[in-house]
Amino acid sequence: MRGLTGKVAVVTGGARGLGEAIARRLSEEGCAVWIFDLNPDGAETAAHIHRATGHPVYYENVDISQETNIEEAFLRVAESSSIVDILVNNAARFIFKGVEATSQEWKSILDVNIIGTSLVTRNCVPLMKKAGKGAIVNLSSVSGFIGQPSFATYNATKFAIRGLTKCWAIDLGAFRIRVNSVCPGYIRTQAFDDSCIQLGIDPEAENARISLQHILGRQGTAEEVSGVVAFMVSEDASFMTGEDVMVDGGYLAK
Ligand SMILES: NC(=O)c1ccc[n+]([C@@H]2O[C@H](COP(=O)([O-])OP(=O)(O)OC[C@H]3O[C@@H](n4cnc5c(N)ncnc54)[C@H](O)[C@@H]3O)[C@@H](O)[C@H]2O)c1
């Protein structure tokens, strides 16, 4: 990938799963990476990636639903790195409810997936403007395109992420900040198994069922998404903005 060496990247939810793979890939490409996560394992994840790549990886204990947490973390980023080149809005909650969702359930998921993502971006953009350009990737999903049973709460947020992406691309284009969303199919992270348990489904049976819904006959890996994200924030994608990029093994093509 061109143009990633020496860049400063913030990855939310980088302690595990897709976020960890994205943080690792950006570090392998030579970025200094800041992981924002509320999972205390994030400190060990950051240390582990740093040992493997030799590039700086920092961990900030941030709950993105708490604006003061976000502001304080970006103050530390500004003190240490002074600018940000890349933001990957990956952190999300997985609450699967249909029409019966309560106001508390709606607030819990919107506070993280939409308001938290927006506040991270709000606090990051001034540091990108200082850099003179930037690239933002928001994690949407195949769930941002279709209806799925009992998924209304989650899918509403993944549709909204695509809306934010297009509006921010318009607002930030003049500052040479590109904004795109990546839309994975099913990726076998801990969140998949946790979600199955939340829905009362056996994870192995669900893996077998869902694999057949992808043209490639399997779930994807976190690394198959992180490589695409690295491309999207690199100079190789310098004319790409406001776009949804599918990484779904053909899930939506069927
Ligand atoms: N796994 C999939 O199949 C899949 C498919 C499509 C899209 N996605 C999207 O990819 C992203 C990552 O998914 P994943 O499967 O790796 O999930 P995951 O649950 O394995 O990891 C999510 C990370 O986000 C962190 N996080 C959650 N709430 C947070 C908060 N309030 N503040 C800071 N950090 C917080 C968690 O601690 C965790 O480390 C999500 O946006 C998800 O919607 C996942």
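Just so it is clear, the structure is predicted and the values come from calculations on it, not from any experiment.

Caption draft 1: Quick look at the overall build of the chain. In terms of regular secondary structure, the chain is built from 8 helices and 7 strands. Computed over C-alpha atoms, the radius of gyration of the chain comes to 17 Å, within 12% of the 18 Å expected from 2.2 N^0.38 for 254 residues, which places it in the range of a compact globule. The principal-axis extents of the C-alpha atoms in the chain amount to approximately 45 × 40 × 35 Å. Sorting the 254 residues of the chain into buried and exposed places 52% on the buried side. Accessible surface computed for the chain: about 11,100 Å², of which carbon and sulfur atoms make up 56%. Here the chain contributes 23 positive and 29 negative side-chain charges, whose respective centroids are spaced 5 Å apart.

Caption draft 2: Inspection of the sheet that holds strand β2 (residues 32-37) at higher detail. The 7 strands lie next to each other as β3-β2-β1-β4-β5-β6-β7, forming an open sheet whose pairing is parallel. This sheet does not close on itself; its edge strands, each paired only once, are β3 (57-61) and β7 (244-247). Looking at each pair of strands side by side, their axes are set apart by 20° on average, direction ignored. Sheet topology places strand β1 (residues 8-12) next to β2; 5 bridges connect them, and they run parallel. Note on β2: the bridge partner recorded for Val8 is Ala32. Along the sheet, helix α3 (residues 67-81) makes contact with β1, β2 and β3, crossing β2 at roughly 165°.

Caption draft 3: Region of interest: helix α7 (residues 203-211). Regarding α7, the residues found buried are Pro203, Glu206, Asn207, Ile210 and Ser211. Across the axial projection of α7, the buried residues extend over an arc of 125°, all falling on one side. Its buried side turned inward, α7 meets α6 (190-199).

Caption draft 4: The site of the ligand, seen in detail. The local shell around the ligand holds 27 residues, among which Asp37, Asn90, Tyr154, Ile187 and Thr189 are the closest. Within the backbone of Asn90, one N or O atom sits 2.8 Å away from an oxygen atom of the ligand. At 2.8 Å, a backbone N or O of Ile187 approaches an oxygen atom of the ligand. Within the complex, 93% of the 830 Å² of free accessible area of the ligand lies under protein. Of all the secondary structure elements, the ones that give two or more residues to the shell around the ligand are α1 (17-28) and α5 (152-172). Partitioned by chemical class, the residues of the shell around the ligand number 15 nonpolar, 8 polar and 4 charged.

Caption draft 5: Looking closely at the packing of α6 against α7. Two elements in contact, α6 and α7, have axes whose closest approach is 9 Å; the angle formed by their N-to-C orientations is 110°. If you check the angle between α6 and α7, you find them roughly perpendicular. Between α6 and α7 lies a crossing of right-handed hand. Of the residues in α7, those in contact with Phe192, Asp193 and Cys196 of α6 are Pro203, Glu206, Asn207 and Ile210. Along the lines of polarity and charge, the residues of the contact of α6 with α7 split into 4 nonpolar, 1 polar and 2 charged.

Caption draft 6: Structural detail: the state of the cysteines. Per the counting criterion, the structure on display carries 0 disulfides. Cys183 provides the cysteine sulfur closest to Cys167, a residue in no disulfide bond, and the two sulfurs are 15 Å apart.

Caption draft 7: Highlighting the side chain of Glu29. Counting through the fold element by element, Glu29 comes out in the loop between α1 and β2. For Glu29, a relative accessible area of 18% gives the class buried. Other than its neighbours up to four places away in sequence, Glu29 contacts Met1, Leu4 and Thr5.

Caption draft 8: Just the nonpolar core, in detail. Counting residues in each nonpolar core, the largest one holds 30 residues, and the members touching the most others are Leu26, Val33, Ile35, Ile86, Val88 and Val182. The dominant element in this core, judged by the number of residues it contributes, is helix α8 (residues 222-233), at 6 residues. Ignoring sequence-local partners within four residues, the contact set of Ile86 consists of Leu4, Lys7, Val8, Ala9, Val10, Leu26, Cys31, Met128, Ala135 and Val233. Membership of the second largest hydrophobic core comes to 29 residues, among which are Ile70, Leu127, Ala169 and Val179.

Rules and cut-offs
Residues numbered from 1 in each chain as written. Predicted model: local features only at pLDDT ≥ 70, side-chain atom pairs only at ≥ 80, totals over all residues. Heavy atoms only, no water. Helix = DSSP H or I, 4+ residues; strand = E, 2+ residues; numbered from the N terminus. Rg over C-alpha atoms; globule rule 2.2 N^0.38 Å. Buried < 20%, exposed > 50% of the residue type's maximum accessible area, 1.4 Å probe, protein only. Areas by Shrake-Rupley, 256 points an atom, 1.4 Å probe, with all protein chains shown as cover. Lys, Arg positive; Asp, Glu negative; His and termini not counted. Charge placed at Lys NZ, Arg CZ, Asp CG, Glu CD. Pairing = 2+ DSSP bridges. Axes fitted to C-alpha atoms, helices over the stretch in contact; angles between N-to-C directions. Contact = heavy atoms within 4.5 Å. Arc of directions from axis to C-beta. Near = heavy atom within 4 Å. Polar contact = N/O pair within 3.5 Å; in protein donor to acceptor, adjacent residues only side chain to side chain. Nonpolar A, V, L, I, M, F, W, Y, C, P; charged D, E, K, R; others polar. Parallel < 35°, antiparallel > 145°, perpendicular 65-115°, else oblique. Left-handed = near helix turned anticlockwise from the far one by under 90°. Disulfide = S-S within 2.5 Å. Core = buried A, V, L, I, M, F, W, Y, C linked by side-chain atoms within 4.5 Å.

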